[in-house]
Amino acid sequence: MRFSPVVFLALAGFAAAQDTSISAVKQAFEAANIPSDLSINFDPRFLLEVTLPQPTGHPITLHAGVQLPRDSTAGPPFFSVVGDAGSGPFVVAAVDPDAPTPQMPTSAQIRHLLAPNFSAAFPFAEVHPLVNSTAAISPYRQPTPPAGSDAHRYIFLLFRQPANFNEQTLVTSSTPVQLFNISSFAAATGLGDPIAGTFMLVAPAA
Ligand SMILES: *[C@@H]1O[C@H](CO)[C@@H](O)[C@H](O)[C@H]1NC(C)=O
Ligand SMILES: *[C@@H]1O[C@H](CO)[C@@H](O)[C@H](O)[C@H]1NC(C)=O
Ligand SMILES: *[C@@H]1O[C@H](CO)[C@@H](O)[C@H](O)[C@H]1NC(C)=O
């Protein structure tokens, strides 16, 4: 693996252990029942790095299944793809399938992000920061699991963006975020299966 000096320094600055194995991410998704609960086919080809800036100290890069205190999740996150996924464009989505509680997810999925038009920078490095050229359809929403709930899963997925995605009107900036279905949305808009992903667990603030 060859990193540009800039990327290497950036990685060295991230305290948390990010995902390093595609098969470990796939296993973590399966252990958390995510492909089945989201009705997605999750056979990732790349790693998605999701990095949350922190008010003080180093940003946190997710490791699939990591539990974070709500205070660490204000975001907005930034993203990189590890591996040669091409230049894009890509769509990043994040959903909570556990709202209001994992036992009774009557308002799930909550859409926590739906952001198009990301392209991959640093084409000669292994880690490609993703840069968006337009605004998110649904901007990032910080996790807010209600008091008394168990931790929720917040799942980030990376898709290739097909040309006709720009014409989709199923979800716009005024569409309610609850009762979203990433599987049916991806099928209807040609996003297909995710090519990468990761997730975090967040419990109600104490
Ligand atoms: C990229 O996304 C961020 C976060 O959603 C947003 O603040 C920013 O305006 C977007 N960039 C462009 C060029 O729209
Ligand atoms: C993506 O960017 C193109 C070119 O700027 C723009 O026309 C299009 O509306 C954007 N797509 C979405 C889904 O926002
Ligand atoms: C989401 O849509 C898929 C079809 O793509 C369906 O099988 C699944 O039951 C739906 N999930 C929910 C939670 O409604």
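Each remark here, short or long, concerns the structure printed above.
Keep in mind the model is a prediction, meaning the values are calculated, not measured.

Chemist: Just checking my understanding: could you explain the site of ligand 2 for this structure?
Modeler: Taken together, the neighbourhood of ligand 2 is formed by Pro-116, Asn-117, Thr-134 and Asn-166. The side chain of Asn-117 places a nitrogen or oxygen atom 2.3 Å from an oxygen atom of ligand 2. Asn-166 is positioned with one of its side-chain polar atoms (N or O) 2.7 Å from a nitrogen atom of ligand 2. Against a free-state accessible area of 360 Å², the protein chains account for coverage of 52% of ligand 2. Taken together, the residues that form the shell around ligand 2 break down as one nonpolar, three polar and no charged.

Chemist: Explanation requested: the sheet that holds strand β7 (residues 127-132) in the structure shown.
Modeler: Hydrogen bonding along the main chain pairs the strands of a sheet, whether they run parallel or antiparallel. Spatially, nine strands are ordered β2-β1-β4-β7-β6-β5-β8-β9-β3 in an open sheet, and the strand pairing comes out mixed. One side of each edge strand has no neighbouring strand; the edge strands of this open sheet are β2 (60-61) and β3 (66-67). Strand direction decides the pairing type here: strand β6 (residues 110-120) and β7, joined by three bridges, are antiparallel. In the strand pairing of β7, Ala-120 is matched with Leu-130. Across the sheet, helix α2 (residues 22-31) lies against β1 (47-52), β8 (152-160) and β9 (196-202), angled at about 50° from β9, the strand it touches most. Packed onto the sheet, helix α4 (residues 182-189) meets β5 (90-96), β6 and β8 and runs at close to 10° relative to β8.

Chemist: Would you explain the site of ligand 1 in this entry?
Modeler: Around ligand 1, the structure places Asn-132, Ser-133, Thr-134 and Ala-135. Asn-132 places a side-chain nitrogen or oxygen 2.2 Å from an oxygen atom of ligand 1. Between ligand 1 and Thr-134, the relevant distance is 3.4 Å, taken from an oxygen atom to a main-chain nitrogen or oxygen of the residue. Coverage of ligand 1 by the protein chains reaches 45% of its 360 Å² of free accessible surface. For the shell around ligand 1, a count of residues per class yields one nonpolar, three polar and no charged.

Chemist: I tried to follow the packing of aromatic side chains on my own but got confused; where do I start?
Modeler: Summed over all chains, the structure comprises six aromatic pairs. Measuring from centroid to centroid gives 6.2 Å for Phe-79 and Phe-156, while their planes differ by 55°, and the two rings are tilted. With a gap of 77 residues between them, Phe-79 in strand β4 (residues 78-82) and Phe-156 in strand β8 connect regions that are remote in the sequence. With respect to burial, Phe-79 and Phe-156 carry one shared label: buried. Arranged with centres 6.0 Å apart and planes meeting at 90°, the rings of Phe-165 and Phe-185 form a pair that is edge-to-face. Linking Phe-165 in the loop between β8 and α4 with Phe-185 in helix α4, this pair joins segments that are 20 residues apart in sequence. Between the NZ or CZ atom of Arg-111 and the centre of the ring of Phe-180, over which it lies, the distance is 4.8 Å.

Chemist: Teacher, can you tell me more about the pattern of salt bridges here?
Modeler: Tallied over the entire structure, the rule returns five salt bridges. Close ionic contact of Arg-153 with Asp-98 constitutes a salt bridge, the shortest N to O distance being 2.7 Å. With Arg-153 in strand β8 and Asp-98 in the loop between β5 and β6, this residue pair connects regions lying 55 residues apart in the sequence. When sorted by exposure, Arg-153 lands in the same class as Asp-98, which is buried. Three or more residues are tied together by salt bridges with common partners; here these are Lys-26, Glu-30, Asp-43 and Arg-45.

Chemist: Explain unusual backbone geometry here, please?
Modeler: A negative phi holds for most residues other than glycine; trans holds for most peptide bonds. Gly-88 connects to Pro-89 through a cis peptide bond whose omega is 5°. Structurally, Pro-89 can be placed in the loop between β4 and β5. Between Ala-99 and Pro-100 the backbone carries a cis peptide bond, its omega angle lying at 0°. For Pro-100, the location among the structural elements is in the loop between β5 and β6. A positive phi is found at Ser-39, a non-glycine position, where the angle reads about 55°. Note on placement: Ser-39 falls in the loop between α3 (34-38) and β1. Even without being a glycine, Asn-117 presents a positive backbone phi close to 60°. Position of Asn-117 relative to the elements: it lies in strand β6.

Definitions and cut-offs
- Residues numbered from 1 in each chain as written.
- Chains lettered and ligands numbered in written order.
- Predicted model: local features only at pLDDT ≥ 70, side-chain atom pairs only at ≥ 80, totals over all residues.
- Heavy atoms only, no water.
- Near = heavy atom within 4 Å.
- Polar contact = N/O pair within 3.5 Å; in protein donor to acceptor, adjacent residues only side chain to side chain.
- Areas by Shrake-Rupley, 256 points an atom, 1.4 Å probe, with all protein chains shown as cover.
- Nonpolar A, V, L, I, M, F, W, Y, C, P; charged D, E, K, R; others polar.
- Pairing = 2+ DSSP bridges.
- Helix = DSSP H or I, 4+ residues; strand = E, 2+ residues; numbered from the N terminus.
- Contact = heavy atoms within 4.5 Å.
- Axes fitted to C-alpha atoms, helices over the stretch in contact; angles between N-to-C directions.
- Phe/Tyr/Trp six-rings, centres within 6.5 Å; stacked < 30°, edge-to-face > 60°.
- Buried < 20%, exposed > 50% of the residue type's maximum accessible area, 1.4 Å probe, protein only.
- Lys NZ or Arg CZ within 6 Å of the ring centre and 35° of its normal.
- Salt bridge = Lys/Arg side-chain N within 4 Å of Asp/Glu carboxyl O.

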